[in-house]
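Below, each chain spelled out in residue letters.
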Amino acid sequence: NDLPNMTWHEVQQRLLIAQRTHHLCIHKSTLTELDIHNRLLRFKNYEVALVNKGILPPKLHLPIIGDIISFTSGFKFNLRLILFWGPYSPFDQRWHLRQEYKIHSQREALARQLSRFILLYGVANLLLSPFIFIWQVLNLFYGYTELVRREPGVLGSRRWSNYGRLYLRHFNELDHSLNQRLNCGYKPAMSYMSSFVNYSIVEIAKFVSFTSGAILAVLIILTIYDEDVLNVEHMLTLMTGLGVVLGICRSLIPDENAVFDPEQMLQLVLAQVHYQPDSWKDHAHTDYVQAEFGQMFQLKYVYFLEELLSPFITPIILCFQLRRKSLQIIDFLRNYTVDVQGVGDVCSFAQLDIGKHGNMKWFVPIRAKQNDGGITNDGKLELSLMHFHHTNPKWQMPKQCEVYLEKIQERAVESMQTSSMLQQSLGQMQRSFYSDPQSTSSMYNRSMMPKTLSNAYSPTYTTVNMSVQQPSSSISQSGITKSDSPYRSLAPYGVLSKIHTQMFESSNSNHLSGSLAPLQSVPSAAQLDMNVSCLFMHELRYKYKHGEYEELEHIDEDHDDNVKC
């Protein structure tokens, strides 16, 4: 009876205690939080790494549209059968990579074998495609017809695509944590995509909306005057269709009172989803960035069309796209698989080994050698380490990870007065915690606030009210969709917690029992700390790229981070 109301952290702590008492894992006396996540997310970590290294997803080139990313649910299911679940997959039932896949001399033979298996899966999908198509039609019809009739605008709404969920996912991130993070970023993402307006489509939508609305209004008046009008053949169908068309057109017309700032909107999205390519910085207003982001945050009607056509697209992708990457997949599995005692074979990136896979462009103290396993792209490993530390603050990380996070904290303290992002975050937190002047607790906390901290909290910027659809642009005021928040308590190596510690230690106030007490009282302080840490790491990366740090002058920014397997 207690299981539905237990949080994941309670389950994890009980499992750690049970291991010490009952030795559930016989290969080691104690388990760590990282061991548990590696076992739960063994194959999903491989998927995240395959996307990060550019092996997935496959791209299709269409004559007029150009390159499109196809990562449908059908393809994802086949991919997992081929690589992880199927009878001929590289992994055996003991959750180990088969021994022959670890031998370099076998790579070409294994690649030919994998290519044949992929071809067989593609042929099987082609033979079953008519039946799968019928199932998809029935599933979409029975699942969404009533919803579209009731809310026609749902077709114009958006969802995080399968590709986007893998690109934005951290290593060792559980499903509920990913869902909460992406749900928090949904409204900022919608506001950003709504800032791109095609005025030709808007004018057409206004005309069609006016025309269909006028006809529907006349039919409604006639129905009120004489209810026998409803007996006319197809009258109810016509009125329902006009209502659907009217709803779709209204969803294409933007709010005339909205004020859009694409750069700030994309910054709010980044605060929640934590990832974006370097090329997006200062180009949020361009169609190029909007199109790339749209591949991660796709329209629902596009998703419906992809799933409907998936039975016919998936065989093509398997036979002509994925087969070509057989050798890359074999090399990837061999180079990025490590055996962990008591856990089995896992993706080496999921070990969060900052010394082996860290990227110096993301301020890793020791530059990783390519021969030691390569580096991840877009700061995947570095941000994943920060995220895992925030969601598991009691995790005893390796010393080199501590050194890296301490370096980030030191840079944050040095940049406290010059970083507009840090100043904005502190100002938002001040408004969140000290916003009610009539509150007794607020007055008490304000009186206890050190002078140095109060001065640092004084906002030195202006926040733009970007859209009426988004009443609050604060990165600290984000909704949590489930009771089991991934951020339970403050992380010792968070950027915001370090700044607070520095401020309170430098003050002479004797009223505070602990330097982090006020920060712990801020709503969603732990989540705010993670978001600020992510934004600051991206800010550091941007400064490195523009040569603001002399110790990184020897790094060639034009060098491609994708390491050949």
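Residues numbered from 1 in each chain as written. Predicted model: local features only at pLDDT ≥ 70, side-chain atom pairs only at ≥ 80, totals over all residues. Heavy atoms only, no water.

1. Re the overall build of the chain
Regarding its fold elements, the chain presents 23 helices and 6 strands. Out of the 565 residues belonging to the chain, those deemed buried represent 51%. Surface summary for the chain: the accessible area is close to 28,400 Å², and the carbon and sulfur share equals 56%. (Helix = DSSP H or I, 4+ residues; strand = E, 2+ residues; numbered from the N terminus. Buried < 20%, exposed > 50% of the residue type's maximum accessible area, 1.4 Å probe, protein only. Areas by Shrake-Rupley, 256 points an atom, 1.4 Å probe, with all protein chains shown as cover.)

2. Focus on the environment of L182
In this structure, L182 sits in helix α7 (residues 175-184). A relative accessible area of 1% places L182 in the buried class. With 90 residues separating them along the chain, L182 and Q272 place their C-alpha atoms 7.0 Å apart. Leave out the neighbours within four places in its chain, and L182 touches W160, R165, L168 and V273. (Contact = heavy atoms within 4.5 Å.)

3. Considerations on the side chain of S533
Within the secondary structure layout, S533 lies in helix α23 (residues 525-545). The exposure class of S533 is buried, given its relative accessible area of 0%. Only 3.1 Å separates the side chain of S533 from the backbone nitrogen of V495, close enough to count as a polar contact. Apart from residues lying up to four places away in sequence, S533 is in contact with M386, H390, G494 and V495. (Polar contact = N/O pair within 3.5 Å; in protein donor to acceptor, adjacent residues only side chain to side chain.)

4. Concerning the UniProt feature "transmembrane region" (unreviewed entry) in the chain
On the UniProt side, "transmembrane region" (unreviewed entry) is annotated at positions that read residues 117-138, 204-224 and 236-253 here. Split by type, residues 117-138 is 100% helix and 0% strand. Its first and last C-alpha atoms lie 30 Å apart. The annotated region residues 204-224 carries 100% helix and 0% strand content, and the separation between its end C-alpha atoms amounts to 30 Å. (UniProt positions renumbered as here; feature names shortened; annotations may be inferred.)

5. A short note on the packing of aromatic side chains
Under the criterion given, the structure shown has 25 aromatic pairs. Measuring from centroid to centroid gives 5.3 Å for F43 and F91, while their planes differ by 70°, and the two rings are edge-to-face. Residue F43 is located in helix α3 (residues 42-52), and its partner F91 is located in the loop between α4 (73-85) and α5 (107-150); the two are separated by 48 residues in the primary sequence. You'll find F43 and F91 in the same group, each marked buried. Taken together, the ring pairs connect W160, Y186, Y192, F196, W280, F293 and F297 into an aromatic cluster. The ring of Y275 has K380 lying over it, and the distance from NZ or CZ to the ring centre is 4.0 Å. (Phe/Tyr/Trp six-rings, centres within 6.5 Å; stacked < 30°, edge-to-face > 60°. Lys NZ or Arg CZ within 6 Å of the ring centre and 35° of its normal.)

6. Re the packing of helix α8 (residues 186-194) against helix α11 (residues 262-273)
Following both chains from N to C, one finds α8 and α11 inclined at 155°, their axes separated by 8 Å at the closest point. When the axis of α8 is compared with that of α11, the two are roughly antiparallel. In this structure, α8 crosses over α11, and the sense of that crossing is left-handed. On the side of α8, the interface is formed by P188, A189, S191 and Y192, while α11 contributes P262, M265, L266, L268 and V269. Its residues placed into classes, the contact of α8 with α11 shows 8 nonpolar, 1 polar and no charged. (Axes fitted to C-alpha atoms, helices over the stretch in contact; angles between N-to-C directions. Parallel < 35°, antiparallel > 145°, perpendicular 65-115°, else oblique. Left-handed = near helix turned anticlockwise from the far one by under 90°. Nonpolar A, V, L, I, M, F, W, Y, C, P; charged D, E, K, R; others polar.)

7. Some points on the nonpolar core
The biggest cluster of nonpolar side chains holds 98 residues, and the ones touching the most others in it are F293, L322, F332, Y404 and I408. Ranked by the residues each element gives to this core, the list is headed by α23, at 11 residues. Aside from chain neighbours lying at most four places away, what touches L322 is L56, F75, L79, I82, I118, I317 and I329. (Core = buried A, V, L, I, M, F, W, Y, C linked by side-chain atoms within 4.5 Å.)

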